[in-house]
Amino acid sequence: MPTNTQTSPAQVGINRARIAQAIDTILAGQAPDTQVCAYIYDLQGLEAHARHLVAALPDNCEFYYAAKANPEARILATLAPVVHGFEAASGGELDWLHACHPEMPLIFGGPGKLISELSRAIDLGIEAIHVESLTELRRLAALCAQKQASCRILLRMNISLEGIAQTRLTMGGKPTPFGIDAEDLGAAIDIIAAAPQLTLAGFHFHLMSHQLDVQRHLALIALYFATFKRWCREYCLDLGLLNVGGGIGVDYANPEQVFDWPAFCAGLARLIEEAQLTGVKIRFECGRFVTAAAGCYVMEVLDIKKNHGEWFVIAHGGTHHFRTPAAQNHDHPFMVLPGVRRRQSTETEGDDTRLVRQQATLVGQLCTPKDVLARRQHIEALQLGDYLVFTHAGAYAWNISHQHFLMHAPPVMHFIES
Ligand SMILES: *Cc1c(COP(=O)(O)O)cnc(C)c1O
């Protein structure tokens, strides 16, 4: 259980009335018998939340958005005026981000970058490339020499996490494909020293995701600070930049418990003072925590049935649109909104058209038992045509889903603006 949580209206997600209104808008634009399946995004809420995140940071910090959490053009356009830059985790994202926002500072990370992608990043003159291995470093040095072009790099490092409490998703502190082993740092610095076009701007760490605990995250950042200072000393480096990654989580089991960002920022300011790093730029690159609460996935209830003693609610859509519950292996938080059919039902009513105070498993339309969004949930009242609204579906949701499986139509994408 996280020790430091708070509730901020901007982070709790979209409210019922606004979703109901958005559903009415979607229905108004469609054929009369259309059954709803949609992602609904609250861009106003997203902007307020992002402003709150950036404003709370100490002065020497920067906040980038990790676009892989959700690269929707409208999401990027909402965040572009608020955040300091975008992080790309692939050549595809780099091209997309540059095409959408040529003015935004871009950073480029991720393992296994293609030579063509490195070349493109150099040509674009992006803010920094995060180097993941010695091979990548040599390739970059060769490319820069060949082009006679310079390039700012950060070395992504995988360090030991001894004494640091781990989350359920760690990218380092153990054998992983991410980052350069601390043992190879000397070799990396030798390669850079021999490559005049490469500028080592700083170090990059992103070792944990799904962080729900403020104190644990501060302990991780303190370790990054200590490591950064030690390496600067040991290798006589004068570096002005430290990227501390992303990884702030969302508690899907208790979504009203929100990571206490103001408390984290207060602790961060103290750490920066103690480590005397006020002159170093501390850069964040967060994804999930920025966009998760801004989106929901809405499915209209198509069928309700009892099978071998258990109730199932079958709704329009499924994990091919919204893989998050399957990917995380969790029961996704949801609420029920009354459908328009409650008011104007023309279907013959049977005993199986409604549930009252029952336990049911919520599933989609796929022909696989894995298409489950939440298992054995208490349902207060539900009937055919109602809407299941899965909240916190704004990050790692649509864009991580296997959309082509079964050739179902895609969901409607609806954006609530002011
Ligand atoms: C995915 C990723 C992020 C963002 O992680 P979140 O948990 O969504 O904040 C940041 N940096 C790197 C290198 C990543 O791979």
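Going by what an unreviewed UniProt entry lists, the chain is known as Type III PLP-dependent enzyme and is assigned to Shewanella salipaludis. Taken directly from UniProt, the Sequence similarities (unreviewed entry) text for the chain runs: "Belongs to the Orn/Lys/Arg decarboxylase class-II family."

Undergrad: Which residues make up the overall build of the chain, and what values go with them?
TA: Along the chain, the regular secondary structure elements total 12 helices and 21 strands. Its C-alpha atoms give the chain a radius of gyration of 24 Å, near enough to 22 Å, the size a compact globule of 418 residues would have. Taken along its principal axes, the extent of the C-alpha atoms in the chain is 80 × 45 × 40 Å. When contacts within the chain are restricted to residue pairs at least 6 apart in sequence, those whose partners lie at least 24 apart make up 75%. For the chain, the accessible surface area stands at approximately 18100 Å², while carbon and sulfur atoms represent 50% of it. Within the chain, the 42 negative side-chain charges are centred at a point lying 2 Å from the centre of the 33 positive side-chain charges.

Undergrad: Explain the state of the cysteines to me, and be specific about the residues and the numbers.
TA: Applying the stated criterion across every chain, the model contains 0 disulfides. Left unpaired, Cys236 is separated from the closest cysteine sulfur, that of Cys232, by 10.0 Å. Free cysteine: Cys296, not disulfide-bonded; nearest cysteine sulfur from Cys37 at 12 Å.

Undergrad: Before we move on, can you summarise the pattern of salt bridges with the specific residues and values?
TA: A complete count under the given rule lists 14 salt bridges for this structure. The residue Arg152 makes a salt bridge to Glu127 at a minimum N-O spacing of 2.9 Å. Here Arg152, found in strand E7 (residues 151-158), pairs with Glu127, found in the loop between helix H6 (115-124) and strand E6 (128-131); they are 25 residues apart in sequence, far enough to count as distant. By relative accessible area, Arg152 is classed as partly exposed at 35%. Ionic pairing is found between Arg156 and Glu132, a salt bridge with its closest N-O pair at 2.8 Å. One end of the pair, Arg156, is in strand E7; the other, Glu132, is in the loop between E6 and helix H7 (134-147), and 24 residues separate them in sequence. Salt bridges linked by common partners bring Glu62, Glu127, Arg152, Lys281 and Arg283 together as one network.

Undergrad: With reference to specific residues and values, describe the side chain of Gln377.
TA: Tracing the sequence through the fold places Gln377 in strand E19 (residues 372-383). Judged by relative accessible area, which is 18%, Gln377 ranks as buried. In terms of polar contacts, Gln377 uses its side chain to reach the backbone carbonyl oxygen of Arg375, at 2.7 Å. Residues in contact with Gln377, not counting those within four places in the same chain, are Asp331, Phe334, Gln358, Gln359 and Ala360.

Undergrad: I'd like a description of the domain arrangement of the chain, backed by residues and values.
TA: According to the domain assignment, the chain contains domain 1 (5-41 + 293-416) and domain 2 (43-291). Counting residues at the interface gives 25 residues for domain 1, matched by 29 residues for domain 2. Across the domain 1 to domain 2 interface the summed buried area is about 2400 Å²; carbon plus sulfur atoms make up 53%. Our count for the domain 1 to domain 2 interface comes out at 0 salt bridges.

Undergrad: I'd like to hear about the UniProt feature "modified residue: N6-(pyridoxal phosphate)lysine" (unreviewed entry) in the chain, residue by residue, with values.
TA: Feature annotation in UniProt places "modified residue: N6-(pyridoxal phosphate)lysine" (unreviewed entry) on Lys68, given in this structure's numbering. Residue position: Lys68 is located in the loop between strand E3 (61-66) and helix H4 (73-79). Setting aside residues up to four positions removed in sequence, Lys68 forms contacts with Ala89, Glu93, Tyr396 and Asn399.

Undergrad: Explain unusual backbone geometry to me, using residue names and the numbers behind them.
TA: We note that Asn329 has phi near 55°; this positive angle belongs to a residue other than glycine. With respect to the helices and strands, the residue Asn329 is situated in the loop between helix H12 (324-328) and strand E17 (334-337). Of note, His392 is a non-glycine position whose phi angle comes to about 50°, a positive value. Here His392 lies in the loop between strand E20 (387-390) and strand E21 (412-416). Under the relative-accessibility criterion, His392 is labelled buried at 5%.

Undergrad: Help me get a handle on the pairing of strand E10 (residues 198-204), residues and values and all.
TA: Remark: a regular strand shows side chains that alternate across the two faces of the sheet. Burial runs high along E10: 6 of the 7 residues are buried. Sheet analysis places E7 next to E10, joined by 6 bridges and oriented parallel. Of the residues in E10, the one forming a bridge with Leu155 is Phe203. Strand direction decides the pairing type here: E10 and strand E12 (residues 241-243), joined by 3 bridges, are parallel. Residue Gly202 lies in a different strand from E12, and its bridge partner there is Leu241.

Undergrad: Account for the site of the ligand, with residues named and values stated.
TA: Not every one of the 14 residues close to the ligand is listed here, only the nearest: Lys68, Ser209, Gly247, Glu285 and Tyr396. Measuring from an oxygen atom of the ligand, one finds a side-chain N or O atom of Ser209 at 2.6 Å. Separating an oxygen atom of the ligand from a backbone N or O atom of Arg288 is a distance of 2.8 Å. The cavity where the ligand resides is the largest pocket. Classifying every residue of the shell around the ligand by side-chain character gives 3 nonpolar, 6 polar and 5 charged.

Undergrad: Please set out helix H5 (residues 91-100) residue by residue, giving values where relevant.
TA: Among the residues of H5, Gly91, Glu93, Leu94 and Leu97 are the ones counted as buried. Projection of H5 onto a plane perpendicular to its axis shows the buried side chains occupying an angular sector of 160°, all on one side. The N-cap of H5, judged by a side-chain oxygen 3.2 Å from the amide nitrogen of Gly92 a few residues on, is Ser90.

Reading guide: rules and limits
- Residues numbered from 1 in each chain as written.
- Predicted model: local features only at pLDDT ≥ 70, side-chain atom pairs only at ≥ 80, totals over all residues.
- Heavy atoms only, no water.
- UniProt positions renumbered as here; feature names shortened; annotations may be inferred.
- Helix = DSSP H or I, 4+ residues; strand = E, 2+ residues; numbered from the N terminus.
- Rg over C-alpha atoms; globule rule 2.2 N^0.38 Å.
- Contact = heavy atoms within 4.5 Å.
- Areas by Shrake-Rupley, 256 points an atom, 1.4 Å probe, with all protein chains shown as cover.
- Lys, Arg positive; Asp, Glu negative; His and termini not counted.
- Charge placed at Lys NZ, Arg CZ, Asp CG, Glu CD.
- Disulfide = S-S within 2.5 Å.
- Salt bridge = Lys/Arg side-chain N within 4 Å of Asp/Glu carboxyl O.
- Buried < 20%, exposed > 50% of the residue type's maximum accessible area, 1.4 Å probe, protein only.
- Polar contact = N/O pair within 3.5 Å; in protein donor to acceptor, adjacent residues only side chain to side chain.
- Domains from an automatic or database assignment.
- Buried area = accessible area lost by both parts, 1.4 Å probe.
- Pairing = 2+ DSSP bridges.
- Near = heavy atom within 4 Å.
- 1 Å grid on protein atoms, 1.4 Å probe; cavity = no way out; pocket = protein on both sides within 12 Å on 5 of 7 lines; lining within 4 Å.
- Sits in = over half its atoms within 2 Å of the grid points.
- Nonpolar A, V, L, I, M, F, W, Y, C, P; charged D, E, K, R; others polar.
- Arc of directions from axis to C-beta.

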